[in-house]
Amino acid sequence: MNNSYQEIKSKDLDHLGIIAGIIDDIKIVEKIDKIVGNDVREKIIALLVVKAIILNGLGFVSQPLYLFEKFFKNKAIGHLLGEDINPSHLNDDKIGRVMDELYKNSLSTIFTVIALDAAEKYKVDKKYSHLDSSSFHLHGKYNQSEENSYYNQINITYGYSRDHRPDLKQFLIDIICSSNGDVPLYSRIASGNEQDRAVFAQILQEYKKQINFESIMVCDSALYSQRNLDLLEGIKWLSRVPFTVKKAKDLANSIKSSDLIKSKQKGYNFKEININHNAVEQRWLIVESEARKKADLDKLVNKIDRELDKVKRKLATFGRSKIASLKFAKVLVKQLSKQLKYHDLEKIQYKKSSKKSGNIVYSIEANIREKESFIDPLKNRTGRFILATNVLDKQELSTEEILSEYKKQQSAERGFRFLKDPLFFADSIFLKNPQRIETMAMLMGLCLLVYTIGQRVLRCNLQISNAKLKNQLGKLTDRPTLRWIFQCFQGIHILVLNGLKLVNNLTQDLIGILQYLPTQESKILFLFFWIKSIFSTQIFSHYFKVFSSVIESNFFLLLIQSCQKYDNDNHYYKLIYQILLCLPLDLKSRLCSTSCYSTKGGMWGIITRSY
């Protein structure tokens, strides 16, 4: 009887392995190392703390930074960060020092370098760049000191709150995203009282300096002002024209619905005109949304009806009242008329009568008439907005693209909704130092970058493979959210049995998902379990067509890597050898090429020498 002691350890992995793999694939740690550097005397290098913060942020457990060490207590931290790392290394002091070190460098530069390299690696379309901003509220006084001003720190203060919390101080985050997967390309942290209209043009100028490609900048109406258009000389832009511009308001009021052309995008009609406004040649697109028109008309009719009810009640009161003087009666009518936006009073009568005392009193009667000359243009304008661009070439930016790309302005808005999610660690920011708040905001942006890259690659791979996964409702889709995939991987554990690592609860469905994720680790793990399943059934011919369709050098390299990493007994090399024997001669010849693998004899040589 074998009484040898077996040591068993279990650590939670869940979806954090996927996140760590994406971080490594983007090479966030390596890129920050080039910019910030590292202190070899530290027990845990600063750059791994950045990785740990991102893992915490995307852990979706709503734990703030002061519970950081607790977050990693039961996690497979050795697998995620390194075998020599333990949770006690990730304490408040260490995190604070790392944040301070990051702050000494340009936070926007750190983020932009990482984001643009990731966008290039994953072939994110950067033809359009969408700019938007949002506020993040904080609890606390945050009194701005002269020292803070000297170091050019942001001012934590009151301002227009997108969170509907005007009672709290805040800071702002400006983000530029690609509409191709909502991937953030640029991030900037600003004071809480900053006005979009005052800074958007400067932000686009700064962004333009950091990119080496042409991109059309898309923004909301905050960009459209005379000052900003002057600053945007040499930059291609697309924006909405506010109706505070008289020319835009008059156009929207006057154009008939019969003059509009039906768009290819369902529910939209438009008319394009060329115009010179503020000495800038532009294309204006007057757009009418059928759904928005119905909603706007309902709101307008409701306002008109409410005002009519109000004036009827007032006139009824005036009719019953005994007003002491004609002069005062006329003042009341004048005051009421000034309050009316959609109606006029006509046929006004001041009826005179005598009281028992003999005093003369007056009552008021009048008819109510709608201001048709005012209401009709408003009804005509409902559901309409005007888009403007300085891209005059329709080959570069078609009329349909003007509308479709502006609608994708939601890409930045979706990013802000993600950052403000209650399960995201930054929902309540408990940092007191404005420096560290700025740094944390940049790290929040990196979390968004990791998430959007992972989600975009997942969806692209599903569409390329013509495959679908089940969503939360059990329906097949090729556009699942990465958050749902994360939820699917809850309950995955790393078991350590006498030093041997095993992945527990990794079902066949989850193994299938791994192949569509962007990380090399996921692909290796998928291939290993796939090979293992084939070996157990010995059905090689069944997978012959699969191998014929994916006969690429990097695929077979992954086969080798999977065996090296996960097969302690090395007996799956024999399986690969048997599979390769089933391949046609022409495919074998391709594998014998040294271009398939750097080792002499190619992939075939590696396998045959093993046996």
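Residues numbered from 1 in each chain as written. Predicted model: local features only at pLDDT ≥ 70, side-chain atom pairs only at ≥ 80, totals over all residues. Heavy atoms only, no water.

## Points about the overall build of the protein chain
(1) Moving on: Looking only at helices and strands, the protein chain features 25 helices and 16 strands.
(2) Moving on: Counting the 611 residues in the protein chain, one finds 50% classified as buried.
(3) Moving on: Nonlocal contacts in the protein chain, meaning residues at least 24 apart in sequence, comprise 68% of its contacts between residues at least 6 apart.
(4) Moving on: For the protein chain, the accessible surface area stands at approximately 31000 Å², while carbon and sulfur atoms represent 50% of it. (Helix = DSSP H or I, 4+ residues; strand = E, 2+ residues; numbered from the N terminus. Buried < 20%, exposed > 50% of the residue type's maximum accessible area, 1.4 Å probe, protein only. Contact = heavy atoms within 4.5 Å. Areas by Shrake-Rupley, 256 points an atom, 1.4 Å probe, with all protein chains shown as cover.)

## Observations regarding empty space enclosed by the protein
(1) Moving on: All chains considered together, the criterion is met by 2 cavities of 30 Å³ or more.
(2) Moving on: Size it by volume and the second largest cavity reaches roughly 30 Å³.
(3) Moving on: Considering the residues around the second largest cavity, the lining is formed by Ile32, Val36, Ala46, Leu47, Val50, Val98, Glu101 and Leu102.
(4) Moving on: Contributions of two or more residues to the lining of the second largest cavity are made by helix H2 (28-36), helix H3 (46-57) and helix H6 (92-103). (1 Å grid on protein atoms, 1.4 Å probe; cavity = no way out; pocket = protein on both sides within 12 Å on 5 of 7 lines; lining within 4 Å. Points joined across faces, edges and corners; volume = space filled by probe spheres on them.)

## Details of the side chain of Ser133
(1) Moving on: Relative to the helices and strands, Ser133 is located in strand E2 (residues 128-138).
(2) Moving on: Reaching out from Ser133, the side chain makes a polar contact with the side chain of Arg162 at a distance of 2.9 Å.
(3) Moving on: Within the structure, Ser133 has its side chain in polar contact with the side chain of Asp196 (distance 2.8 Å).
(4) Moving on: Setting aside residues up to four positions removed in sequence, Ser133 forms contacts with Arg162, Ile173, Asp174, Asp196, Phe200 and Phe416. (Polar contact = N/O pair within 3.5 Å; in protein donor to acceptor, adjacent residues only side chain to side chain.)

## Things to note about the packing of helix H1 (residues 16-26) against helix H17 (residues 434-464)
(1) Moving on: The N-to-C vectors of H1 and H17 enclose an angle of 95°; their axes lie 10 Å apart at closest approach. The orientation of H1 with respect to H17, classified from their angle, is roughly perpendicular. Only Val450, Ile453 and Gly454 of H17 make contact with H1, whose side of the interface consists of Ile19, Ile22, Ile23 and Ile26.
(2) Moving on: Looking at the contact of H1 with H17, its residues break down into 6 nonpolar, 1 polar and no charged. (Axes fitted to C-alpha atoms, helices over the stretch in contact; angles between N-to-C directions. Parallel < 35°, antiparallel > 145°, perpendicular 65-115°, else oblique. Nonpolar A, V, L, I, M, F, W, Y, C, P; charged D, E, K, R; others polar.)

## Here's the deal with a positive patch on the surface
(1) Moving on: The grouping of Lys249, Lys299, Lys303, Arg306 and Lys341 at the surface amounts to a positive patch.
(2) Moving on: Relative to the helices and strands, Lys249 resides in helix H11 (residues 246-254). (Patch = residues over 30% accessible without salt bridge, like charges linked within 9 Å, V, L, I, M, F, W, Y side chains within 5 Å. Salt bridge = Lys/Arg side-chain N within 4 Å of Asp/Glu carboxyl O. Lys, Arg positive; Asp, Glu negative; His and termini not counted. Charge placed at Lys NZ, Arg CZ, Asp CG, Glu CD.)

## What about a negative patch on the surface?
(1) Moving on: Taken together, the side chains of Asp305, Asp309, Glu370, Glu372 and Asp376 make up a negatively charged region of the molecular surface.
(2) Moving on: Listing elements by their share of the negative patch, those giving two or more residues are helix H12 (290-320) and helix H14 (372-381).
(3) Moving on: Position of Glu370 among the secondary structure elements: in strand E11 (residues 360-370).
(4) Moving on: Classification of Glu370 as partly exposed rests on a relative accessible area of 35%.

## A closer look at unusual backbone geometry
(1) Moving on: A positive phi angle, near 65°, is found at Ala279, a position not held by glycine.
(2) Moving on: As for its position among the elements, Ala279 is in the loop between strand E8 (268-277) and strand E9 (280-289).
(3) Moving on: Using a relative accessible area of 72% as the deciding quantity, one classes Ala279 as exposed.
(4) Moving on: With a phi angle near 50°, Lys347 is a residue other than glycine that sits in the positive phi range.

## Notes on the nonpolar core
(1) Moving on: Residues Ile32, Leu102, Phe171, Trp284, Leu446 and Ile453 are the most contacted members of the largest nonpolar core, which totals 128 residues.
(2) Moving on: Per-element tally for this core: the top contributor is H17, with 16 residues.
(3) Moving on: In this structure, Ile453 is in contact with Ile22, Ile26, Ala118, Tyr122, Val124 and Val183, ignoring residues within four places of it in sequence.
(4) Moving on: Judged by nonpolar contacts, the second largest core, of 15 residues, contains Tyr268, Leu285, Val391 and Ile402. (Core = buried A, V, L, I, M, F, W, Y, C linked by side-chain atoms within 4.5 Å.)

## A closer look at helix H15 (residues 399-407)
Since the α-helix turns once every 3.6 residues, residues separated by three or four places project in the same direction.
(1) Moving on: Of all 9 residues that make up H15, 7 are buried, and the element is covered over most of its length.
(2) Moving on: All of the buried residues in H15 are Thr399, Glu400, Ile402, Leu403, Ser404, Glu405 and Tyr406.
(3) Moving on: Where H15 is buried, its residues meet E2, strand E5 (216-219), strand E6 (237-241), E8, E9 and strand E12 (384-389).

## Brief notes about the pairing of E6
(1) Moving on: Of all 5 residues in E6, 4 are buried; the element is thus mostly enclosed.
(2) Moving on: Here E5 pairs with E6 via 3 bridges, running parallel. Residue pairing for E6: Val218 is matched across the bridge by Leu238.
(3) Moving on: Crossover handedness for the path E5 to helix H10 (residues 226-231) to E6: right-handed. (Pairing = 2+ DSSP bridges. Right-handed = clockwise from strand over helix to strand, strands pointing away.)

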